[in-house]
Amino acid sequence: NSFVTRTNTCGELRSAHVGQKVTLYGWVQYQRQGLFLVLRDFQGLTQVVIPQDEAHSHVKELLSNAPLESVLRVTGTVSPRPLGQENPKMPTGDIEVKAETAEILNSCKKLPFEIKDFIKKSEALRMQYRYLDLRSCRLQSSLRLRSRVVMSMREYLCNLHGFVDVETPTLFKRTPGGAKEFLVPSREAGKFYSLPQSPQQFKQLLMVGGLDRYFQVARCYRDEGSRPDRQPEFTQIDIEMSFVDQAGIQRLVEGLLQHSWPEERGSIMTPFPSMTYEEALAEYGTDKPDTRFGMKIVDISDVLQGSNIQFVQKALSYPHGSIRAICIPQGVKYLTNKDLESLKESAKSQFNQEIMEISRRPDGSLKSLLTKFLGEKEQSELIQALNMQEDDVVLLAAGEHKQVCSALGALRLLSANLLEAAGLALRDPRAFHFLWVVDFPLFLPKAENPTELESAHHPFTAPHPSDASLLYSDPTKVRSQHYDLVLNGSEVGGGSIRIHSAEQQRFVLEKVLKEDSEVLSHLIEALEFGAPPHGGIALGLDRLISLIVDAPSIRDVIAFPKSFRGRDLMGNAPDYVTPEELEPYHIQVSWPLEEKEAKKN
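The residue count restarts for each chain, going from 1 along the sequence in the order it is written. Local features in this predicted model are restricted to residues of pLDDT 70 or higher, and side-chain atom pairs are both shown and tallied only at a pLDDT of 80 or more, whereas totals for entire chains, interfaces and linings draw on every residue. Side-chain numbers come from the whole structure's heavy atoms, not from hydrogens or water.

Novice: Give a detailed account of the overall build of the protein, specifying residues and quantitative values.
Specialist: The helix and strand labels rest on DSSP assignments: H or I over at least four residues marks a helix, E over at least two residues marks a strand, and numbering proceeds from the N terminus. Within the protein, the secondary structure is distributed over 19 helices and 22 strands. Across its three principal axes, the protein shows a C-alpha extent of roughly 95 × 75 × 60 Å. Think of it in three bands: residues with accessible area under 20% of the maximum for their type are buried, residues over 50% are exposed, and the middle band is partly exposed, with areas taken using a 1.4 Å probe on protein chains only. Taken over 601 residues, the protein has a buried fraction of 47%. Charged-residue counts in this description rest on Lys and Arg as positive and Asp and Glu as negative, His and the chain ends being excluded. A single reference atom marks each charge: NZ on Lys, CZ on Arg, CG on Asp, CD on Glu. Charge centroids of the protein, computed over 69 positive and 79 negative side chains, lie 4 Å from each other.

Novice: Before we move on, could you go through the environment of L487 and cite the residues and values that matter?
Specialist: Summarising the element assignment, L487 is placed in strand 20 (residues 482-487). On the basis of relative accessible area, L487 is assigned to the buried category, the value being 0%. Considering only alpha carbons, one finds L487 and F434, 53 residues apart in sequence, at a separation of 4.6 Å. Those residues in contact with L487 that sit more than four places away from it in its chain are F432, H433, F434, V492, L544 and L547. Whether two residues touch is decided by their heavy atoms; if any such pair falls within 4.5 Å, the residues are in contact.

Novice: Just give me the short version of the pairing of strand 14 (residues 356-360), but keep the residues and values in it.
Specialist: Two strands pair if DSSP finds at least two bridges between them. Two elements, strand 14 and strand 16 (residues 393-400), share four bridges in a ladder whose sense is antiparallel. By the bridge assignment for strand 16, M356 is matched with L396. As judged from the two bridges shared by strand 14 and strand 15 (residues 366-367), these two strands associate in the antiparallel manner. Directly across from R360, in strand 15, lies its bridge partner L366. Hairpin remark: strand 14 followed by strand 15, antiparallel, with five residues in the connecting loop; positive phi at G364, about 95°.

Novice: Tell me about the domain arrangement of the protein, residues and numbers included.
Specialist: Segmentation into domains, and thus their bounds, comes from an automatic or database assignment. When the domains of the protein are assigned, the result is domain 1 (15-106), domain 2 (141-275 + 434-556) and domain 3 (293-422). Relative placement of domain 1 and domain 2: their C-alpha centres are 51 Å apart.

Novice: Describe in detail the sheet that holds strand 1 (residues 21-32), supporting the description with residues and values.
Specialist: On the basis of which strands lie adjacent, the closed barrel formed by five strands has the order 1-2-3-5-4 and mixed pairing. When strand polarity is set aside, the average angle formed by the axes of neighbouring strands in this sheet is 55°. Examined bridge by bridge, strand 1 and strand 4 (residues 71-80) share seven bridges and lie antiparallel to one another. Paired with T23 across the two strands is T75, which belongs to strand 4. To get an axis, fit a line to the C-alpha atoms, keeping to the stretch in contact for a helix; angles then go from 0 to 180 degrees between the N-to-C directions. On top of the sheet, helix 1 (residues 57-65) reaches strand 1, strand 2 (36-41), strand 4 and strand 5 (95-106); it is set at about 75° to strand 5, its chief contact.

Novice: Tell me about the packing of helix 11 (residues 337-351) against helix 13 (residues 401-421), and name the residues and values.
Specialist: At their nearest, the axes of helix 11 and helix 13 sit 10 Å apart, and the two run at 145° to each other. Like other packed secondary-structure pairs, helix 11 and helix 13 cross with a definite hand, here right-handed. Only Q403, S406, A407, A410, L411, L414, S415 and L418 of helix 13 make contact with helix 11, whose side of the interface consists of D339, L343, S346, A347 and F351. Under the grouping applied here, Gly and all other residues not named as nonpolar or charged are polar, the nonpolar ones being Ala, Val, Leu, Ile, Met, Phe, Trp, Tyr, Cys and Pro and the charged ones Asp, Glu, Lys and Arg. Residues that form the contact of helix 11 with helix 13 fall into these classes: eight nonpolar, four polar and one charged. Crossing handedness is read from the near helix: turned anticlockwise from the far helix by less than a right angle, it gives a left-handed crossing, and turned clockwise, a right-handed one.

Novice: Account for the sheet that holds strand 12 (residues 298-299), naming residues and giving values.
Specialist: The sheet built from five strands is open, its strands ordered 12-13-16-14-15 with antiparallel pairing. Strand pairing shows two members of the sheet lacking a second neighbour, strand 12 and strand 15, which therefore form its edges. Here strand 13 (residues 321-328) pairs with strand 16 via eight bridges, running antiparallel. Across the sheet, residue I328 finds its bridge partner in strand 16, namely V393.

Novice: Outline empty space enclosed by the protein, listing residues and values.
Specialist: In this approach a probe as big as a water molecule rolls over the atoms, and the regions it shows empty are the leftover space. Each cavity reported here is a set of points on a 1 Å grid over the protein atoms alone in which a 1.4 Å probe fits but cannot get out, each pocket an open set with protein on both sides within 12 Å along at least five of seven lines, and each lining residue one with an atom within 4 Å of a point. Grid points are joined across faces, edges and corners, and a volume is the space filled by probe spheres set on the points. Applying the stated criterion across every chain, the model contains two cavities of 30 Å³ or more. Reported here for the largest cavity is a volume of approximately 50 Å³. Every residue along the wall of the largest cavity is listed here: M127, R130, F560, P561, D568, L569 and M570. Residues that form the lining of the largest cavity fall into these classes: five nonpolar, no polar and two charged. Considered as a void within the structure, the second largest cavity measures approximately 30 Å³ in volume. Lining the second largest cavity are Y284, T286, K288, P289, D290, G409, R412 and L413.

Novice: Describe unusual backbone geometry, with residues and values.
Specialist: Trans is the prevailing form of peptide bonds, just as negative phi is the prevailing case for residues other than glycine. Along the chain, T270 connects to P271 via a cis peptide bond; the corresponding omega equals 0°. Tracing the sequence through the fold places P271 in the loop between helix 6 (246-260) and strand 11 (274-276). A cis geometry characterises the amide bond from A573 onward to P574, with omega recorded as 0°. The topology assignment puts P574 in the loop between helix 17 (541-548) and helix 18 (579-582).

Novice: Talk me through the pairing of strand 22 (residues 534-540); I want residue IDs and the actual numbers.
Specialist: Where burial is concerned, most of strand 22 is hidden: six out of the seven residues are buried. Sheet topology note: the strand 10 (residues 233-242)/strand 22 ladder contains seven bridges and is antiparallel. Bridge assignment links D238 to a residue of strand 22, and that residue is A538. In this sheet, strand 22 lies alongside strand 21 (residues 490-497) in antiparallel orientation, the contact comprising five bridges. The partner of G495 across the bridge, within strand 22, is I537.

Novice: I'd like to hear about the packing of aromatic side chains, residue by residue, with values.
Specialist: Note on aromatic pairs: the rings of Phe, Tyr and Trp (six-membered ring only in Trp) are paired at centre separations within 6.5 Å, and the planes decide the class, stacked below 30 degrees, edge-to-face beyond 60, tilted for the rest. Taken as a whole, this structure holds ten aromatic pairs when the rule is applied. Where W261 meets F432, the ring centres are 4.9 Å apart and the plane angle is 80°; that geometry is what we call edge-to-face. Pair noted here: W261 is in the loop between helix 6 and strand 11 and F432 is in the loop between helix 13 and strand 17 (434-438), with a separation of 171 residues, a long-range link. The exposure class assigned to W261 is buried, which follows from its relative accessible area of 9%. Under the relative-accessibility criterion, F432 is labelled buried at 16%. Ring pairing ties together the aromatic residues W261, F272, F432 and F434, which thus form one cluster. Each ring is checked for a lysine NZ or an arginine CZ that lies within 6 Å of its centre and within 35 degrees of its normal; such an atom marks a charge sitting over the ring. Here the guanidinium or amino end of R412 rests over the ring plane of F293, the centre of that ring lying 3.8 Å away. R427 extends its terminal NZ or CZ atom over the ring of F293, reaching a point 5.5 Å from the ring centre.

Novice: Please provide a residue-by-residue account of the packing of helix 7 (residues 277-284) against helix 13, values included.
Specialist: The description of two packed helices rests on the angle between their axes and on the distance between the axes. At a closest axis distance of 7 Å, the pairing of helix 7 and helix 13 adopts a crossing angle of 60°. When the axis of helix 7 is compared with that of helix 13, the two are oblique. Side by side, helix 7 and helix 13 meet where Y277, L281, A282 and Y284 of the first sit next to H401, K402, C405, S406, G409 and R412 of the second. In the contact of helix 7 with helix 13, the residues fall into five nonpolar, three polar and two charged. Put simply, angles under 35 degrees are roughly parallel, angles over 145 are roughly antiparallel, angles from 65 to 115 are roughly perpendicular, and the rest are oblique.

Novice: So what about helix 13? Which residues, and what values?
Specialist: Here the expected span of a helix is defined as 1.5 Å times the quantity of residues minus one. Taking 1.5 Å per residue as the helical rise, helix 13 with its 21 residues ought to reach 30 Å, and the 30 Å between its terminal C-alpha atoms agrees with that figure. Along helix 13, the residues classified as buried are H401, V404, C405, S406, A407, L408, G409, L411, R412, S415, A416 and L419. The inward-facing, buried residues of helix 13 contact helix 7, strand 13, helix 10 (331-334), helix 11 and strand 16. Polar contacts, as used here, are pairs of N or O atoms within 3.5 Å; protein pairs need one atom able to donate a hydrogen and one able to accept it. Residues neighboring in sequence count only if both atoms are side-chain atoms. Sitting at the amino-terminal end of helix 13 is E400, which places a side-chain oxygen 3.2 Å from the backbone nitrogen of K402. Within two residues after helix 13, G423 carries a phi angle of roughly 110°, on the positive side.

In structure tokens, the structure reads:
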């Protein structure tokens, strides 16, 4: 309560304060029949008794008629609540304040929605009136927890481990590869700035500059269009160190998270388990596995290779062909035929992958179109390989290894959602399962042109020391020193050891990625001036906090987020600017015909 004119917040009064005269400020949460109201501020709620005597008639009239969400100042005396009227659900439930004077500091007009967490309102309406939505207990709690976590991270990095907090420029130039960047016009004709998708180049240049340990709560920008649960501007905890290896970065991050982890969310154990990219794909069908539950992908190629099932033999004839399956526990009991058909349709539409279904009856026998092609020995081996229990359902896929695993990985998550919706608890919402995923490929074929390569992470990632020679002979086989941090099936961080040789960086850009290295000439030249070996990581703060508080979207842990389409619905941004405002930037807008007509009308 320092620096302000209140004596107490609305959440701190207890029985020990009885008899004290207090001044409270807050919003009217609730008012009942002119007898009492509930005053709310950032810290909690206090019940205020409205005086009924003639001497305080003006106070009674004012408090009885104050609209909900109006801002009040109330002065009165703390009293114990009458016997039997205590509210154990309220921290201040043992007391009430008997109002003596009051003032409406600002009256509230009719609200677009009630400020209560349990009231359903559309996300568009919440974002249009974000300043009202911010008054909700849920958002207040999330933003305050976010602030505490960031403060603890600063303490750990700067005070305990000698990191330097450095702000890097927001206006820069285009970076080859990676996500699309926002362009900002300049007053030089035809020249544009780019908003950086991360401070990647700057943090490497800080290492060249000898800063040794850099950290920043960095604002980043990506023009990714309408992608679910993504934001065009977001925040990351950005870290870079000199003379470090992958294990050093991992130890640092584990310590950072352990130090800053909110007490009320329990403790997290370190070191975090680690898994290679190939293992993650083979067992979970994704590079960000949710390890809170089983249902792993199982290779049953050996079990079925002797069968004369046509599609099985065809799949095994492929260079990377395999037969794999997942076992859905109690699938017969919890999944309907409609559910199973939707799972098959999903695999077909998203991955062009056919799925076969096998279930185990109560008598132990298998039910499937495949069973007539399988002998007793093969059926028994299949049950054993998948650890099938009574009423389990198996989804089987055959084909190219990566496609099969990706399809089954997606079905694993969809099945878990269906099982939980039907009442089977699989994933503990209070559990936090961290996982390092390592040994990613350094390059991947481009989706639009598989004969060309792109960086799996970014073009500054160093090759795995064991694969360095392959960079010049067969770059498709090179593993990288790239590592991702995964939490409950979501990527919350990614980093790598960087290329610190100018020659190797130029080779990757020009020969492997076929990029114009001139765009990065400043960085390549810097590497020629005694650049130290270095590496780092960026933690996605929005995603991390949303998982800690179990928010349905990252928008629920950002004070002023953009909509699904990247719009600010409160301020109506982006917005049009006049031709006169564009003139200094040498820009003219070419309107689509329908928009021209709309503007005329």
